[in-house]
Amino acid sequence: MGKMLEQIVSSAPVFLLVAARCFTMIMTTPLFSSRTVPRIAKLALVFYMSFLLFPHVTISAGTFASYSKFISMDGSFSLEYVLLLLGEGLIGVILGFFIQIIFASFSTAGQFFAFQMGFSASEVYDSLSQVENPLMGQFLNFMAMLVFLQNGWLNRLFSSALVTSFQTLNVFSIIDHSEFIGRFMAKGISLLFADAFLIALPIMGSLFLINVTVGILTKAAPQMNLLSEGFPILMLTSFYLIIILIPYYMEMFNSTFKEAFRILFKTFSSIRVGGI
């Protein structure tokens, strides 16, 4: 332990580069980005992750080799080092933002059918996304987070995705492949709405048929005043469908995470610049 601390002190600039990427990823990843998580816990996790990754990162080989002209072996660094820190932070933001997109699709799905079932006005503060979110969107977010934790996707994010990013990405590779990264993020946002629509489609379709049926019956017999009974019917039907669809939602959440990580690792391999 003492030898490792001495190595960290002697190579502090390299350690700070590793810590910058870990810090920004944690600050933008769902659950850890929440204000309910103590700051000291976030900093402790950043230090722990950086401590584990630091021995495998050197400026003599791998992705950090291109930083060698900005960092000397005695630990000193040039003014360009600040820009390298910002660039490493940007890589962490990209990783965290990609995970945020996945969870945003679940929240958006809840917003799609919350309006139809009459819950559009019932918005509460979502501690995961840190925005005002309809109840159904927050409910789907919580279910997705349970799947994310239970099936080991969080562990894979730290043990595989983050490690692979150090094997394949550096600041200069992000600059050289900026157009590719832009298309990657744009594709992720487009898939967000596609996944949200697929999740919400069964409930949205059922509620649409109920609205059409109630409208036809109200037009045929205005004295029945079915519109006043429409909202209770929509709510009860929605809750009934949600109970039935929960097992399928769990499978879909897991498959969504699997596909998202496949795309992420495919992106890493497409812009690989070296190895550690």
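Below is a summary of the structure that appears in this document. No experiment lies behind these values; they were computed from the predicted model shown.

Reading the values: the criteria
- Residues numbered from 1 in each chain as written.
- Predicted model: local features only at pLDDT ≥ 70, side-chain atom pairs only at ≥ 80, totals over all residues.
- Heavy atoms only, no water.
- Helix = DSSP H or I, 4+ residues; strand = E, 2+ residues; numbered from the N terminus.
- Buried < 20%, exposed > 50% of the residue type's maximum accessible area, 1.4 Å probe, protein only.
- Contact = heavy atoms within 4.5 Å.
- Areas by Shrake-Rupley, 256 points an atom, 1.4 Å probe, with all protein chains shown as cover.
- Polar contact = N/O pair within 3.5 Å; in protein donor to acceptor, adjacent residues only side chain to side chain.
- Phe/Tyr/Trp six-rings, centres within 6.5 Å; stacked < 30°, edge-to-face > 60°.
- Lys NZ or Arg CZ within 6 Å of the ring centre and 35° of its normal.
- Salt bridge = Lys/Arg side-chain N within 4 Å of Asp/Glu carboxyl O.

Looking only at helices and strands, the protein has nine helices and two strands in total. Looking at the 276 residues of the protein, the share that counts as buried comes to 45%. Taking the contacts inside the protein whose residues are at least 6 apart along the sequence as the reference set, 79% of them involve residues at least 24 apart. Carbon and sulfur atoms form 69% of the exposed surface of the protein, whose accessible area is close to 14200 Å².

It is worth spelling out the side chain of Ser 238 at this point. Checked against the element boundaries, Ser 238 lands in helix 9 (residues 227-270). Among the polar contacts made by the side chain of Ser 238, one reaches the main-chain carbonyl oxygen of Leu 234 at a distance of 2.7 Å. Those residues within four positions of Ser 238 in sequence are excluded, and the remaining contacts are Met 117, Ile 203 and Leu 207.

Turning next to the side chain of Thr 256. With respect to the helices, strands and loops of the structure, Thr 256 is situated in helix 9. With near-sequence residues (within four places) excluded, Thr 256 lies in contact with Ile 102, Phe 106 and Asp 195.

A few words now on the environment of Ser 68. Positionally, Ser 68 belongs in the loop between helix 3 (39-53) and helix 4 (81-116). Linking Ser 68 and Val 14, residues 54 residues apart in sequence, is a C-alpha distance of 9.9 Å.

Right, let's talk about the packing of aromatic side chains for a bit. Enumeration over the complete set of coordinates arrives at 15 aromatic pairs. Ring geometry for Phe 15 versus Phe 47: centroids 5.9 Å apart, planes at 65°, classification edge-to-face. Placement of the pair is Phe 15 in helix 2 (residues 12-28) and Phe 47 in helix 3, with a sequence separation of 32 residues. Judged by centre distance (4.5 Å) and plane angle (55°), the ring pair of Phe 106 and Phe 253 falls under tilted. Residue Phe 106 is located in helix 4, and its partner Phe 253 is located in helix 9; the two are separated by 147 residues in the primary sequence. Of the aromatic side chains, those joined through ring pairs into one cluster are Phe 103, Phe 106, Phe 148, Trp 153, Tyr 249, Phe 253, Phe 257, Phe 261, Phe 265 and Phe 268. For the cation-ring pair, Arg 21 lies above Phe 166, with the distance from its terminal atom to the ring centre recorded as 4.2 Å.

The tally for this structure, following the rule as stated, stands at three salt bridges. For Arg 183, the salt bridge goes to Glu 179, with nearest N and O atoms at 3.5 Å. Linking Arg 183 with Glu 179, this pair stays in helix 8 (residues 178-220), spanning four residues, or about one helical turn. Arg 183 gets classed as partly exposed once you look at its relative accessible area, which sits at 48%. Given a relative accessible area of 60%, Glu 179 falls into the exposed group. Here Arg 262 makes a salt bridge to Glu 259, at a shortest N to O gap of 2.6 Å. Taken together, the residues span about one helical turn, with Arg 262 and Glu 259 both in helix 9 at a distance of three residues. With a relative accessible area of 44%, Arg 262 lands in the partly exposed category. Among the residues examined, Glu 259 registers a relative accessible area of 36% and is labelled partly exposed.

These results come straight from atomic positions and should not be treated as a statement about function.
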